[in-house]
Structure formats: structure tokens, C-alpha cells
There are 2 protein chains.
Amino acid sequence: MPDPAKSTAKPAKQPVNKTRFTDSQVAVTRVGILGCGTVGGALVDLISQRAAAIEESVGIRLEVRHIAVRNLEADRGPAVNPDWLSTDSNAVATAEDVDIVIELLGGIEPARELILGALNAGKPVITGNKELVANHGAELFAAAAKNKVDFLFEAAVAGAIPILRPLRESLLGEDVIRIMGIVNGTTNFILTRMTEDGASYDEALTEAQELGYAEADPTADVEGFDAGAKAAIMASIAFGVEVVANDVHHEGISNIDQTDIAFANRLGYRIKLLAIAEVFGTGANKEVDVRVHPVMVPLTHPLASVRGSFNAIFVEGAAAGELMFYGRGAGGDPTSSAVLGDLVDAAVNLRGNTFLPVPAGAPAVIRSIDEVDSAYYLNMEVGDAPGVLAEVAGVFGQNGVSIGSMEQTGLGDDARLVFITHIAKERALQQTLIELGELGSVRAIRSVLRVIED
Amino acid sequence: MPDPAKSTAKPAKQPVNKTRFTDSQVAVTRVGILGCGTVGGALVDLISQRAAAIEESVGIRLEVRHIAVRNLEADRGPAVNPDWLSTDSNAVATAEDVDIVIELLGGIEPARELILGALNAGKPVITGNKELVANHGAELFAAAAKNKVDFLFEAAVAGAIPILRPLRESLLGEDVIRIMGIVNGTTNFILTRMTEDGASYDEALTEAQELGYAEADPTADVEGFDAGAKAAIMASIAFGVEVVANDVHHEGISNIDQTDIAFANRLGYRIKLLAIAEVFGTGANKEVDVRVHPVMVPLTHPLASVRGSFNAIFVEGAAAGELMFYGRGAGGDPTSSAVLGDLVDAAVNLRGNTFLPVPAGAPAVIRSIDEVDSAYYLNMEVGDAPGVLAEVAGVFGQNGVSIGSMEQTGLGDDARLVFITHIAKERALQQTLIELGELGSVRAIRSVLRVIED
């Protein structure tokens, strides 16, 4: 890791005679940045460290010209020239002497207005703002296409992991049929601690908060909203349709307990919070299913071995088969690396007078969660009396939910029944749960998790 | 998987009124293919299946015009129009009615001459020919740059896995410091069978041959030559220098036996054949170390869980941190998926009158294997007598090789000593081995493997 404290170089002009380009070949690209928090600060450091190497390899000299901040007085380290700072975001977004705008404010407004302003001023824009892209992507893609400039947002999904560019470029010829991602490092950290160290959910969450992985209010992470925004973006890019955050079905991890973790371990699974996007049919019959929920992943699946705060996205294509992209999903350095990759790409395109439009698809037809097929794990407590198992099994059978494996363990006067079903429709499973809840012998349904079959 | 037998669609013109482009917006890209074996056949099938979707998403209509083959009479399935076939490779490579040439012949000649001919005729070229790129890459990159056309070869490394494009584009701003890849599916299959099923090396190799994963003469795979060519290509792209196949230090897996596998399992490692490329220093002091050899990888490392014939490439960047790219490294469908991704990319660039040059670096300064640092596993048989361990340990100490862990087990009248060292220079380790071999008490040094520390 580069140590920002050791970086004393200013992102000033690089002496041209140190490169193999002559002055006339080097294109100066002037950069305006909106926001200078963790990612913005890391980005300015990274640009100052990498500018000479980038100039040597692609003949583009990146020069930060303006940074919009709220507080002009904050200490921002040696890579930030105080002359660049301004509190006028609008002026930075549309400045005459800015070629490319980088938005790192987060949130919907004023980020949306500023980005639209920059695009309409003919400037390529780079952002890592998942909330904005997941809610207003179509509007921004259209504005970029209208103005024939790049709008790039690799950092919005899974930080440093190149996933959107492979989906947009490498897999353009591929029929991508499903994406399953661990795209929230906080929840993966919590689940890893619960699995490997036997921590309770509350203990693991507290540790995540102490390490700065989780917010004081962890709702956006643990209930799947953050992962849902990323799922919407990946589905839009992979399937060429408009999917917004609100289209995503969410279930979080706050109900997972050590009983579930222990059963998963014993049965050969890891519990992971997955963002899943699938496409069915083509043309007018195309339907997309986008959801975030915990899943029991078999140990033999590559996603099972993604530990701690790492992210990974598993992509299934008709011809390519199974692909997975793994790396750091958050943090100043990994995120700024993704932004810098986009910046160099946009600068090369700008010099070549070209850009890569995001295919702006029609709003997706969303397949209801009721219609989704999955296998399930059910963990319930029942009275330990003759005939109870037959009664419970009968409810599964009446709803057409086939049982793959089952085990019964004693629990004082009660018994615990754990079932793993074969593939069933969510609707049938939900009806099964309703009818099980109506049985006098069923004390409690402790947990229901979807399962990827081995 | 699409079933080629079911594909009856010809890659003919798509009715334009089914797409959202008008005729004038659709760019027809005429394709010439050199070779129609497993990958070529799969590619023609895939183009016929995906042409409509590609036309809808990027407005480019791919039309195969010519295919150069040796045998005009072979049955090539319904997607191949017999009118496209020709035995004149030169004519296909330079045909007036071909916009992009795809080389799938393999080997050095005539592939090299044909590609140079196509590039010099101003045509972008796509290839999956790792041997050619690893030996003559610089010449081909220069010809492409001179003619201002794309030369793309994603399929040459790790089949369907997008790795070269991320290195060339997403990570352009990144300081990539090390690449470690499982890039040969045959050897990973053999090692997986030995690890998971207790197969001997010979049994696993025979199975790989029966499944078509290994050739009758498996040398190129098991001795690391195939992986070495891919290592050279990755090092060239990641570090911006010219690395050729002959620069790569090779050791294969044919000496690995069940004793090593058992020790690795017990100590918490998996044995993998890794292609490793590292860079040290910058500018005139830049040195590159490129090698292929078996490695004991700790179970907690993402490469340890890459099983069977899958490939994965682990990339370490200064800012991005650890990244990994996983997928199918071989086979007609995965490889043709990578070729089609490059084809769409080249077609989009051609329409936009642009291209992405491969940075053609100067020949790399190769760091000798003697100078490489690693931890090591040593497995040796010694006479079971007083003072032997002290004698053996003394040799390590005199050469400055520090022992991390050691165990001794009985072996009839002899004893087996297993050491894992801390990081040491290869030169020091080799001198240690020489001196150990001179000790009367050392019966045999059974194996020496490099180790990634946990």
C-alpha cells in the first residue's frame, strides 16, 4: 500500500523529456473533482503518484485543476494544492479549464444536477455514486449519449474490481444469464466472523463498527439496500434494460443466528448475502429477476471462499460458462483505483474524440419474487409427539415442495426439524410456511434461507 | 450451454425492422476467419446465435464472409456456409471484402505471416494464439500500431476470463506489482484429482488424457511451457515491457507425489502450478521476474479454492489491492466467447475510426531465478541417528536459510524430515540443497516446493 503520508510529490506537470512522448504528442487532460473526502483525497494522492507512469504509457498528462469542497480550511495533505479548492461545485462541474469531471459527493442531490450540468457542458463524467446511478441511471446515460461523452461508474459496484467494464466490453458478445455477487463487504465481514470465530451477530456487527466497516446505523448494509443498488446497476448493464433500486427484492442478515451458521457448516455450506440478477426470455418477453438475500452457498462454489470484507461477482454466460471477479469492494485506495482507471479510459477516449455509450434500455419487466425458483433451508421447532413429522411433511407435499434432506434433533420437550428442499417456486414455499404456522404442533419457524444446490 | 447441433440459424443478415437501428445506422462488419477447428467452429456457431443481440445492442451486424480451411470437404455443421470456405489463407487474410481477420490456426507459421499481411492491409486482427504472441508479440504490436488498427488476443490467456482487457484498460492507472495465475487447466485438474481423490500422478494424468484435457504427449502442459507462454504475455501487458516465452523459468508437476500432497493437506496448503510475474524498480532499473513452478498455496488464499480444470489469475496492485479473475481457461465455447468479445470491440473501434494500441515496451531486464525470494518446503529422508538433525539444521543456518517449521517422522531405519523455511533467496536455497546432498546422513531430498506464506 502506498503511504499517503510519504507522498510529497505535487501532481504538477511532469517533465516531458523523461517520457518517450514529445510535447506535441502528450495530451493534457484537466480534471475537476467534486468532493474531497476519503475517496477524493486518495484519488488526488494516487494521481500524483501515477501521473508520470500514465503519461509514459498512454501519453496523457492528468492535471487536477479544481476540487469542490465544503470546507476550504480542512487539512488535506501535501498532494492537494490549496489553489485548486473552491466551494462552488457548479463552477467546478462546468469550468472552462476542466476536461473531465469526477463526482465523489455521494447521494442524489446535488450530485445529479451537477453531473447533468457537466454532461450538458460536453464533459465526460466519472462517478462512484451507486445510489445515484441505481436510481437515476437512465437519465444520466441519456444525457451522456446526447452529448456524446463518456459516463463511467466502475467504482459504484465492488470498488476496485473491474466488473462493469468486462460486462460492457469483454462480454458484449456473451449471453449473460445470471449474476450473483457478494457486493457488500460489511455483511460479508459479519458473516465470516460468525462462521469462523463463532461470534454472535451482535458481536460481529459491533466489531465491524469498531473497524469502520459498518456505520453507526448499519441498516443500509445489513438489510441489503447497499447491495440492492449494486444489483440494479449490474442488471442494467448486463441485460440492457433499466433496473432501478426500487425494483430489487431485499432481505437482510440481521435474523441469521449461530444455529443457522452451525447447520450450514455441518451441511457443507457457507451463508452469504448475495445480490442476484437473472434474465429470462428475449425481446418483448424478457423478464428480469433482481434480489438480495442470504443464501446457503455450497463449499465447492467459488463464492463460498470469499472471506472477510472482500467482494466477488460470479457471472454465468451461455458460452463463457462460469466467471468470477474478486477483490476489495470498498476503501479509499481500492475505490480511487477504479476511478483512476475510468479517468484514464475517458481521457484516452476524449483525445480520440470517441466515447462508449451505455446501452439505455427500456424499463425492465421485473419477475415477481413469487415466481422465482430456489431450493430452501427451513429450521423449525415442533412439539416432540407422534405424528408431527408426518403432519409437517404433509404440508410440504400438498404444496408441491419436494424435500431433499431432513434431520430431527431433540430440543428438551420439543424437537428441531431442519429441511432442505429441492427447487420450488417462492409462492409455493410461502404458502407452505403459512400452513406450517397454522399447525398446532409447530412452535416456531426459526429461519428460512435459500440454498444453491451443490 | 448452447447445443451447436440445435443451431440451424445461418449468420445471415438480420431483418432490420426487428432492431431499433435503422439500416443507415447499422455498420456491417465483414469477418474473415483463418482456421475452423474446435474454436473456429464454436465461434461461427456463436456468431450466428448472437448476431441479432449484438446488432441490437451496438448497431453492428457481424457477417462471416470467408473461412480458410485445409479440407473443403469436412462436415462443419449448419452454421458454416460452404460458400465461405477457401483453402487460400493469404487471400482470406487480405480479402477486399473482409474488415476484420480472426486467426485460429495456432503455431508460429504461417500464422505470423498471415497476421502481418492482414495488419499491413489495414485490417484489425484477433487471435487466440498464445505461442505466437508470447514469441513474436512485439513485432505484431508494432505492425498493428504502425497501421493504426487493433490487435487483440484476450483468448490467448485463460480462455473466457477477461484478464488482458482489465490489465490494458481498467488497471491502466494502477501500479500492478505481481500476477500469480493458475493458467493451465490440465495441470490444475491433475493436482485437484491427486488432492481430493488420492489419485497418483499417473492415474490423474491418464484420466485427464481420457477426458481430452491432456494431449497424448502432455509435456507442454505438465512441464509448464503452456503456462509459461501465458505468463510472458501477462507480464508484457501488465508491466509494459517485452517478455518472451524464453524469458520464463519453468518447473513442472511431474515430480509431485502423494507424499507432497498429503503433507500439503495436513499443513493447510494446496499444491498449484502457478505462473508468476513480478516487477521490481522503475524506469531504467525495472526488473521483471517471470516463472512457472508448483507452489504450496495456503488454504486461506483465493487461488487455493480454484479446482478442476478452472483457471484463475490473482493480481496485486498498489492501490487496488488483491484482485482475482476466475473462469474456464479452455474449450471451444469459452475460447470463442473471448474471441467474440474482442471481435465486437474491434468492430466498434473500427466504426469509430479508433483503436487501442498495445504499449510496445523495450525488452525486459529479467531477474534471474537465483535472485528470487521465496519460502520453501523441503521433504528429505535421513538416517535416524543421533546428531543428524543438528547437522542438517546447521547447513540451513550456514546458508542463512531460516527454518519456519519442521517435523520428523519415522520411516523404518530412516527418518523423514519436512521443513518449511522463511523467505530466502533461491541461490541460498540451492546452495543449501547442494550441501545437504553432500551429507552422509541425507539419503534423499524427495521434494522442494516454493511456499506462499499464510
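Remember, it's a predicted structure, so these values are computed and weren't measured experimentally.

Caption draft 1: Up close: the overall build of chain A. Regarding its fold elements, chain A presents 13 helices and 17 strands. Taking 454 residues into account, the globule formula puts the C-alpha radius of gyration at 22 Å, and chain A, at 25 Å, falls close to it. If you line up chain A on its principal axes, its C-alpha atoms span 85 × 50 × 35 Å. Burial status across chain A gives 53% buried among its 454 residues. In chain A, of all internal contacts separated by at least 6 residues, the share reaching a separation of at least 24 is 76%.

Caption draft 2: Quick look at the interface of chain A and chain B. Counting residues at the interface gives 47 residues for chain A, matched by 47 residues for chain B. Secondary-structure elements contributing two or more residues to the side of chain A that touches chain B are α1 (38–58), α5 (164–170), β12 (321–328) and α11 (332–351) of chain A. Here the side of chain A that touches chain B gets 9 residues from one element, more than from any other, and that element is α11 of chain A. Classifying every residue of the side of chain A that touches chain B gives 24 nonpolar, 13 polar and 10 charged. Relative to strand β12 (residues 321–328) of chain B, β12 of chain A is paired through 3 bridges, and the arrangement is antiparallel.

Caption draft 3: Geometry of the sheet that holds strand β3 (residues 85–86) of chain A. The strand order β3-β2-β1-β4-β5-β6 (chain A) describes an open sheet built from 6 strands, whose pairing is parallel. Every other strand in the sheet has two partners, leaving β3 and β6 (151–152) of chain A as the edge strands with one partner each.

Caption draft 4: Just the domain arrangement of chain A, in detail. All names here are of chain A. Assigned domains within chain A: domain 1 (4–159 + 333–351), domain 2 (164–326) and domain 3 (370–451). In this structure, domain 2 and domain 3 have C-alpha centres spaced 25 Å apart. Taken residue by residue, the interface counts 10 residues in domain 2 and 9 residues in domain 3. The biggest single contributor to the side of domain 2 that touches domain 3 is strand β10 (residues 287–298), with 5 residues. Looking at side-chain class alone, the side of domain 2 that touches domain 3 contains 5 nonpolar, 3 polar and 2 charged residues.

Caption draft 5: Region of interest: the nonpolar core. Within the largest apolar cluster, 308 residues are counted, with the highest numbers of intra-cluster contacts made by Ala232, Ile313 and Leu343 of chain A together with Ala232, Ile313 and Leu343 of chain B. Among all residues touching Ala232 of chain B, those that are not within four sequence positions of it are Ala134, Val243, Val244, Ala245, Asp247, Val248 and Val290 of chain B.

Caption draft 6: Seen up close, the relation of the copies chain A and chain B. Take chain A, turn it by 180°, move it 0.0 Å along the axis, and it overlays chain B with an RMSD of 0.0 Å. The transformation relating the two chain copies, once decomposed into turn and shift, fits a two-fold axis. Residue Phe325 of chain A of chain A places its C-alpha closer to the rotation axis than any other residue of that unit, at 2.4 Å. By residue overlap, the copies meet face to face through one surface: 100% of the interface positions of chain A are interface positions in chain B.

Caption draft 7: Just the packing of helix α12 (residues 388–398) of chain B against helix α13 (residues 426–438) of chain B, in detail. Residue and element names in this part refer to chain B. Interhelical geometry of α12 versus α13 gives an angle of 150° and a closest axis separation of 9 Å. It follows from the interaxial angle that α12 and α13 lie roughly antiparallel. As for the relative orientation of α12 and α13, their crossing is right-handed in sense. Here Val392, Val395 and Phe396 of α12 come into contact with α13, specifically with Thr432, Glu435 and Leu436.

Caption draft 8: A look at the packing of helix α6 (residues 185–197) of chain B against helix α7 (residues 201–210) of chain B. Residue and element names in this part refer to chain B. It is the contact of α6 with α7, at a shortest axis distance of 9 Å, that shows an interaxial angle of 130°. Taken together, the axis directions place α6 and α7 in an arrangement best described as oblique. In this structure, the crossing between α6 and α7 has a hand that is right-handed. Contacts between α6 and α7 involve Thr186, Phe189, Ile190, Arg193 and Met194 from the former and Tyr201, Ala204, Leu205, Glu207 and Ala208 from the latter. Looking at the contact of α6 with α7 residue by residue, the classes come out as 7 nonpolar, 1 polar and 2 charged.

Caption draft 9: Inspection of helix α4 (residues 130–146) of chain A at higher detail. Residue and element names in this part refer to chain A. Residue His136 marks the point of greatest curvature in α4, where the axis turns by about 85°. Three or more residues of α4 are buried, namely Lys130, Leu132, Val133, Ala134, His136, Gly137, Leu140, Phe141 and Ala144. Of the surrounding secondary structure, the elements contacted by the buried residues of α4 are α3 (111–120), β5 (125–127), β6 and α9 (225–239).

Caption draft 10: A look at the environment of Val372 of chain B. Residues and elements named next belong to chain B. Residue position: Val372 is located in the loop between α11 (332–351) and β13 (373–383). Val372 sits 54 residues away from Glu426 along the chain, and the two C-alpha atoms are 5.6 Å apart. For Val372, the contacting residues outside a window of four places in its chain are Asp289, Arg367 and Glu426.

Caption draft 11: Geometry of the sheet that holds strand β6 (residues 151–152) of chain B. Residues and elements named next belong to chain B. The strand order β3-β2-β1-β4-β5-β6 describes an open sheet built from 6 strands, whose pairing is parallel. Unpaired on one side and paired on the other, β3 (85–86) and β6 mark the two borders of the sheet. With 2 bridges joining them, strand β5 (residues 125–127) and β6 adopt parallel strand pairing. Its bridge partner lying in β6, Val125 is registered against Phe151.

Caption draft 12: Expanded view of the pairing of strand β1 (residues 27–34) of chain B. Residues and elements named next belong to chain B. One ladder, built from 8 bridges, connects β1 with strand β2 (residues 60–68); its direction is parallel. For Arg30, the partnering residue across the bridge sits in β2 and is Glu63. In this fold, β1 hands off to helix α1 (residues 38–58), which returns the chain to β2; that crossover is right-handed. Here β1 pairs with strand β4 (residues 100–103) via 4 bridges, running parallel. Paired with Gly32 across the bridge in β4 is Val101.

The rules we used
Residues numbered from 1 in each chain as written. Chains lettered and ligands numbered in written order. Predicted model: local features only at pLDDT ≥ 70, side-chain atom pairs only at ≥ 80, totals over all residues. Helix = DSSP H or I, 4+ residues; strand = E, 2+ residues; numbered from the N terminus. Rg over C-alpha atoms; globule rule 2.2 N^0.38 Å. Buried ≥ 20, exposed ≤ 12 C-beta atoms within 10 Å, placed from the backbone. Contact = placed C-beta atoms within 7 Å. Nonpolar A, V, L, I, M, F, W, Y, C, P; charged D, E, K, R; others polar. Pairing = 2+ DSSP bridges. Domains from an automatic or database assignment. Core = buried A, V, L, I, M, F, W, Y, C linked by C-beta atoms within 7 Å. Least-squares fit on C-alpha atoms with pLDDT ≥ 70 in both. Axes fitted to C-alpha atoms, helices over the stretch in contact; angles between N-to-C directions. Parallel < 35°, antiparallel > 145°, perpendicular 65-115°, else oblique. Left-handed = near helix turned anticlockwise from the far one by under 90°. Bend = angle between axes of the 7 residues up to and from the residue. Right-handed = clockwise from strand over helix to strand, strands pointing away.

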